[in-house]
Each structure stands twice: as C-alpha cells, then as structure tokens.
Amino acid sequence: MAKQLISAAVLLAMAGINGAWAEDYPARTATIIVPFAAGGPADITGRIVADILSRYLGQKFVVENVVGAGGTTGAIRAARAPADGYTILSGHLGTNALAPAFYPNLGYDPQRDFEPIGLTAEYPELLVARKDFPANNLKEFVAYTKANPEKLNVGHAGLGSVSYIGCLLLHSAIGIKPTMVPFTGTAPVLNAMLAGQVDYECDPVLGTLGQIQAGSVKALAIASRKRSPLLPDVPTSHEQGLPQFDMAPFYGVFVPTGTPQAIVDKLADALSKGLNEEAVQKRLAELGAESVEPSRRGPKALADLVKSEAARLLPILKAAGEK
Ligand code: MLT
C-alpha cells in the first residue's frame, strides 16, 4: 500500500514537471527535421513552418536537413527523439503515410509513433523532362518511353519519396519499368536534369517552377484534374488521357508520440495562425500549393488525412508491385 502511494506521488510529481515545461515551452531553440535535400519542396515548406513557429512562439526553430532512404532516415531520427517539442518533423505523404509500403523493416510506424500538428500544404505533381527530351506531351511521352525503355533515367528522391511514388503511378499506368535513379531530394534531381544526366522526374510543382518558367526544363503534364494558374499552358493528366497520374501530396508537421498535449496545442495553434496570414497564403499560392480550407489543417484533420491516404494509396502501390 505504502509502495503504491509512493508510486502515485511520483507520477503526480512527474505530471507536474511535465506541465511546468509545457507551460514554459519553448524555452530554447528547437529543430525542425526536413528529411530531404536543401532547396527542394520539402525544404522550402519546412522553412515556411520554421519561420511561422519562430515568429509565433518567440524562439528559434531551425531547419536541419537529415537526408536518405526516401526521407525515412530523418523520420526515424524524429520518431526516436525525446517527445519534448524540441525535435519536430516536417514530413509528407511518403514519410508519414506510405513509407511502410516500401520498407518492411521501417523502424517506425507513421501512425503510432507520430502525433500530427497540422497540414502545411498540398502541391500537385508535374511530369518534368529535360529541355531536349524527345516528347512534348503525354501522348508523345507514352510512345517514346514504351519504345525506348532501356534509354530512360528517371530521377527521384529515394524509395518512398513522393517523386518516386508519382512516377510509379505514371509508369504503372503506361506499363513501363524504366531505371529509377535515387537522389537525396528533388533539388539535386533538377541539377542532374539540367546537366542532361536525368531524363525526367515527377515532382511537386514548386520544385521546378522557376526552371520551367525560365525554359530550362519542360513540363509535360500536371497530375491533377485542374491546370495550375501558374502554368496555364501545361495540360492535365486527365485532359491527356492518363487520369491514374493524379497526385497532390500533403506536407505536414509532426512530433513524436508522447509529446505533452500543451506543447502539441501550442505548436498547432501557432502553425494555424501563421498559415492563416494573407502573406503566407500568397507565398504558398506562388509556390503552386492548392488552397486548403482551415478546417482541413489541424491535428485531427491531418490524422484523418494520414489514415485515409494510407488506406487509398497502399493498395494501389501494392498492385504496382511495391513490397
Ligand atoms: C524534396 O523536397 O526533395 C521532395 O519533396 C522529396 C520527395 O520527392 O518526396
């Protein structure tokens, strides 16, 4: 009995300490892990989050790019970090919903080991090819890739990254299996494509927008029902007869499971306030993000999105031959 009373007292004291640091949070610099290379969609999005959290919470939130294995190296680091709000993951559809389809011994369970904070953005993907690639639209692309599968080098950000998954959907719709070349992010893929070492990639619109507008690479299709106002001349996959190539991956913020509720609430509130700012919405629109209703952005909505995207896409990936 005495032992039970002591344990209860220890638990109560610990809860008090937890409550105290949650109240003072953040008391020092926090790290936002971006699991892909600097300069790409994940990095740009993670830096928008870092800016918002730093401004609203009065401490520095610093981006650290922890790259490798399609984003799962960084996600594992975040999942195993102390659940104290000082290590945050700026993850996405791949790292936080679909990674189990690609890695049988993943090292974390996206739904069990992470607590969602909020949805930052959704960006449709583009099929983008090097400037002198022989095809200029999806019809020519299908004809060329079917006739020359051995000549193709497709860049992506690692197994399970959204650039990998986007092209997987495209290839399975066409019925081809070209060589997939992994990089640590789609920023280095773009450099390789500019140098002519990679033929094409499937990347969220913000990754290549500037180079498309400059004419250094070309967009053959947007993987959506709607054209992008930023690229009005780029026809959709639906218009071009390949509706299976339809993908607008989410990018969102997560903390390790077990993070005190008061910290989760502070982060979610700060993120939501920042995303509601007109200037932030304008910036996201300029990057090609689809507009997301505020009711779809909070922790519960993101948890639901993770579940529904996993339920919708895991069977498709399995059918496409992913283990
Ligand atoms: C990146 O930032 O490099 C990409 O968003 C990663 C990916 O393709 O998943």
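Structural data are supplied above this passage.
Residues numbered from 1 in each chain as written. Predicted model: local features only at pLDDT ≥ 70, side-chain atom pairs only at ≥ 80, totals over all residues. Heavy atoms only, no water.

Asker: Any chance you could break down the pairing of strand E8 (residues 200–204) for me, citing the residues and the numbers?
Answerer: The buried fraction of E8 amounts to five of the five residues, a majority that puts the element mostly inside the structure. Inspection of the sheet shows strand E5 (residues 125–130) paired to E8 by five bridges, in the antiparallel sense. For Leu126, the partnering residue across the bridge sits in E8 and is Asp203. (Buried < 20%, exposed > 50% of the residue type's maximum accessible area, 1.4 Å probe, protein only. Helix = DSSP H or I, 4+ residues; strand = E, 2+ residues; numbered from the N terminus. Pairing = 2+ DSSP bridges.)

Asker: Mind laying out helix H6 (residues 138–147), listing which residues take part and the relevant values?
Answerer: Think of an α-helix as 3.6 residues a turn; residues three or four steps apart then line up on the same face. Taken together, the buried positions of H6 are Leu138, Phe141, Tyr144 and Thr145. Down the axis of H6, the buried side of the element spans an arc of 125 degrees, and every buried residue falls inside it. Pointing more than 90 degrees away from the buried face of H6 are the exposed residues Lys139 and Ala147. Contact partners of the buried residues in H6: E5, helix H7 (162–174), E8 and strand E9 (217–222). Two or three places before Lys139, at the opening of H6, Asn137 has a side-chain oxygen 3.2 Å from that residue's backbone nitrogen. (Arc of directions from axis to C-beta. Contact = heavy atoms within 4.5 Å. Polar contact = N/O pair within 3.5 Å; in protein donor to acceptor, adjacent residues only side chain to side chain.)

Asker: Outline the site of the ligand, supporting the account with residue identities and numerical values.
Answerer: Close to the ligand lie Phe36, Gly40, Pro41, Ala42, His92, Ala157, Ser161, Val162, Ser163, Gly185, Thr186 and Tyr251. The separation between an oxygen atom of the ligand and a polar side-chain atom of His92 is 2.6 Å. The backbone of Val162 places a nitrogen or oxygen atom 2.7 Å from an oxygen atom of the ligand. For the ligand, the accessible surface in isolation is 270 Å², of which the surrounding protein chains cover 100%. Listed by contribution, the elements that provide at least two residues to the shell around the ligand are helix H2 (41–57) and H7. Looking at the shell around the ligand residue by residue, the class counts come to six nonpolar, six polar and no charged. Split by domain, the shell around the ligand shows at least three residues from each of two domains, domain 1 (28–123 + 249–319) and domain 2 (125–222). (Near = heavy atom within 4 Å. Areas by Shrake-Rupley, 256 points an atom, 1.4 Å probe, with all protein chains shown as cover. Nonpolar A, V, L, I, M, F, W, Y, C, P; charged D, E, K, R; others polar. Domains from an automatic or database assignment.)

Without other data, these values stay purely geometric and don't point to any function.
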